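Chain and residue survey
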Number of protein chains: 2
Amino acid sequence: MITVAVDAMGGDNAPSEIVAGAVAAVTKKSEIQVLLVGKEEVVRSELKKHSYRPEQIEVVHASEVIDTEEPPVNAIRRKKDSSIVVGMNLVKQNKADAFVSAGSSGAILVGGQVIVGRIKGVERPPLAPLIPTEKGVSLLIDCGANVDARPSHLVQFARMGSIYMEHVVGIKNPRVAIVNIGAEEEKGNALVKETFPLLKACTDINFIGSIEAREIPHGGADVIVSEAFVGNVILKLYEGVGATLIHMIKAGMMNGGLKTKLGALLVKPALKETLKSFDASEYGGAPLLGLNGLVVKTHGNSKATEVCNSIIQCVTFKEQDINGKIRESLLKEKNTGENA
Amino acid sequence: MITVAVDAMGGDNAPSEIVAGAVAAVTKKSEIQVLLVGKEEVVRSELKKHSYRPEQIEVVHASEVIDTEEPPVNAIRRKKDSSIVVGMNLVKQNKADAFVSAGSSGAILVGGQVIVGRIKGVERPPLAPLIPTEKGVSLLIDCGANVDARPSHLVQFARMGSIYMEHVVGIKNPRVAIVNIGAEEEKGNALVKETFPLLKACTDINFIGSIEAREIPHGGADVIVSEAFVGNVILKLYEGVGATLIHMIKAGMMNGGLKTKLGALLVKPALKETLKSFDASEYGGAPLLGLNGLVVKTHGNSKATEVCNSIIQCVTFKEQDINGKIRESLLKEKNTGENA
């Protein structure tokens, strides 16, 4: 059995899509138990619309909700009975293995560190979403809110990301690369130049060197290591360029003549399929790695499918003992450091 | 009359497309004179394929070519008779108003600073390409090779970019924004936090605050200010996501059934039009701003159209006396600084 606490109040489509996603997850996997955290009355009335095995879903009352606009540190400190704080406390108290939320990114990042807490030795827990590529998916690590990282942070990101891609996503010996503005080793800003040799010296990852942003959508690496400011820019530009291009293509077809409109009708299913495969929301949530437990952030506009995928992702995470593997990797790092 | 030196040997399609672009430019604008810099024999034999008014095109011999793989500083120092060094010297000696090249970015950036030289007071000359958006184009400044900028650099980028967008591209009172990971003023890395109030205090630009990468393709600002590492990532990811998505859409249509294939045939012209409007190479070259003269870097894979557009761009640049306006703006900045 794996117990996943789910923030029933977080995101644009809460509670209906969140509850629907939770029901879908427990229906798909009998080994999942979901604790739906939120305003009991609201959640229960939503649950009535679905049928499921009652022992698989429990409601945990939380009277408050953290808005996305609230300053995260304050929100976590003050709203002790919010769905995010209550849900994270369930993980901390070992009443849940994982917490999934589509709520305020900032609050989730702060709560993860402050409430759930870091694995001993982890300097900074990165937020690591999967992004679509021509070849499948890549892990973009770090897209969190803590910017201006140090080289040692990036090295830990590379190690944790590599473990995640190998054991959760199932990519053998994942290629790890650092985001850079040229392929040559001497290129880069101060941070990248300092980090490059450290990554090269890691014997437990498959470091392939620098990756230029152009190569990311082509699937040039499986684990894309980056400081959070740059990671954030990449993630958001990915969405932005994709959305704009799709919007323009659709508009271009619709504003065309009769021939074009007929053509648009005929290509629609194929086009939809392609666009779906390039839609980040299809790939479940982004784990906040390096915590004593698992916290998964899903898109703010998540629908039931993504919520369901994010919950199921937690099963693999626990089955594969990702945190055990991270601890082991940090221990090795420590020993190597002492021997060096 | 305006005289533009053009690197006949630079880029993937040199010399044929470069020469064709030069001929197109002088044919369009009778006030342009082009100095084609490169191996005389090669350039002359290429010129024979075209007809043009001979007084508008002159060949300036340069026996060497700088490869894109060569370390730029060394290349500029050693290859004194390369097309890039010879062309830039023409600008330095006032024999040409501008220099256009599709050759090695690194060599162009280094040569611009070392040979052509900076306008007095300019701390760092930024490379500022135009990028396509839903609403038209935006100027992305800086995408050069000098990373880890200081706040004062970014402020000058904002000023120079604003002048360029207003007087060359023709956008009145252009909206200037700084790339950030959130819209709130307190967000950002150390550099952005330090730069934000300085930009806010500039009375000569229309500073609208932070821009998240997601909003760039939507046309959220006219001048996108960024440190060169981040600017480079944005520029290259723009190309990468666009190219990948287009490739996937085409493949999806071609691998579909008969219906889809027929539809693809019908939407092809509209699709082509849309993709063209989102193709960075349609927007001429990227100026290296803040130099005593003008240096324009065009894409390495530039064809005649882009070369022609880049040459014509130089006319507006000179007519509008952009460098005079930059000098004036720096003077104001200096005075404000002294009064503060």
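Presented here is an overview of the structure given in this document. (Residues numbered from 1 in each chain as written. Chains lettered and ligands numbered in written order. Predicted model: local features only at pLDDT ≥ 70, side-chain atom pairs only at ≥ 80, totals over all residues. Heavy atoms only, no water.)

1. Details of the pattern of salt bridges
Residues and elements named next belong to chain A. In plain terms, the rule: Here, a salt bridge means any side-chain nitrogen of Lys or Arg that lies within 4 Å of a carboxyl oxygen of Asp or Glu. Per the convention used, a helix needs a DSSP run of H or I reaching at least four residues, while a strand needs a run of E reaching at least two, with both numbered from the N terminus.
Within the structure shown, the criterion is met by 20 salt bridges over all chains. Across the salt bridge formed by Arg150 and Glu123, the nearest N and O atoms sit 3.6 Å from each other. Here Arg150, found in the loop between strand S6 (137-141) and helix H6 (151-169), pairs with Glu123, found in the loop between helix H5 (105-116) and strand S5 (130-132); they are 27 residues apart in sequence, far enough to count as distant.

2. Brief notes about the interface of chain B and chain A
Just so we agree on the cut-off: Only heavy atoms matter for contacts: two residues are in contact if any of them lie within 4.5 Å across the pair. The buried area of a pairing is the accessible area, by a 1.4 Å probe, that goes missing from both parts when the two are put together, added over both. By the convention adopted, Pro, Cys, Tyr, Trp, Phe, Met, Ile, Leu, Val and Ala count as nonpolar, Lys, Arg, Asp and Glu as charged, and the other residues, Gly among them, as polar.
Listed per partner, the contact involves 49 residues of chain B and 49 residues of chain A. In total, about 4,600 Å² of surface goes out of reach between chain B and chain A, with carbon and sulfur atoms giving 79% of it. When residues of chain B are sorted by the area they lose upon contact with chain A, Ile181(B), Phe229(B) and Leu237(B) head the list and together hold 15% of the total. The interface formed by chain B and chain A includes 4 salt bridges. Residue Glu239(B) pairs with Arg214(A) through a salt bridge whose shortest N-O separation is 3.2 Å. Within the residue set of the side of chain B that touches chain A, elements represented by two or more residues are strand S7 (175-180), helix H7 (190-200), helix H8 (228-254) and helix H9 (258-277) of chain B. Here the element with the most residues in the side of chain B that touches chain A is H8(B); it accounts for 20 residues. Tallied by class, the residues present in the side of chain B that touches chain A amount to 28 nonpolar, 14 polar and 7 charged.

3. Comments concerning the sheet that holds S5(A)
Residues and elements named next belong to chain A. Our working rule: Two strands are counted as paired when DSSP detects at least two bridges linking them. Helix axes use the C-alpha atoms of the stretch in contact, all axes being lines fitted to C-alpha atoms, and the angles between their N-to-C directions lie in the range 0 to 180 degrees.
The mixed open sheet is built from 5 strands, whose spatial order is S5-S6-S9-S7-S8. Among the strands making up the open sheet, the edge pair consists of S5 and strand S8 (206-212). Neighbour to neighbour, the strand axes of the sheet diverge by 35° on average, direction disregarded. Sheet topology note: the strand S7 (residues 175-180)/S8 ladder contains 6 bridges and is parallel. Bridge pairing in S8 places Ala177 opposite Gly209.

4. Thoughts on the relation of the copies chain B and chain A
The operation relating the pair of chain copies consists of a rotation about an axis and a translation along that axis. Our working rule: Alignment of copies: least-squares fit on C-alpha atoms of residues with pLDDT of at least 70 in both copies.
With an RMSD of 0.0 Å, chain B superimposes on chain A once it is rotated by 180° and translated 0.0 Å along the axis. Both chain copies can therefore be described as sitting about a two-fold axis. Using C-alpha coordinates, one finds that chain B approaches the rotation axis most closely at Gly263(B), a distance of 1.9 Å. A symmetric contact is evident, with 100% of the interface residues of chain B recurring at the interface of chain A.

5. Structural notes on the nonpolar core
The nonpolar side chains of a soluble globular protein tend to be buried, and buried together. Put simply, the test is: Here, the term nonpolar core denotes a set of buried Ala, Val, Leu, Ile, Met, Phe, Trp, Tyr and Cys residues that are joined through side-chain atoms within 4.5 Å. Buried, partly exposed and exposed residues are distinguished by accessible area as a fraction of the type maximum, computed with a 1.4 Å probe on protein chains only: under 20%, between the cut-offs, and over 50%, respectively.
Among the nonpolar cores identified, the biggest contains 185 residues, and Leu36(A), Ile216(A), Ile311(A), Leu36(B), Ile216(B) and Ile311(B) are the most heavily contacted of them. Of all the elements, H8(B) adds the most residues to this core, at 14 residues. The residues contacting Ile216(A), other than those within four sequence positions of it, are Ile131(A), Thr133(A), Val179(A), Ile211(A), Ile224(A), Ile234(A), Tyr238(A) and Leu237(B).

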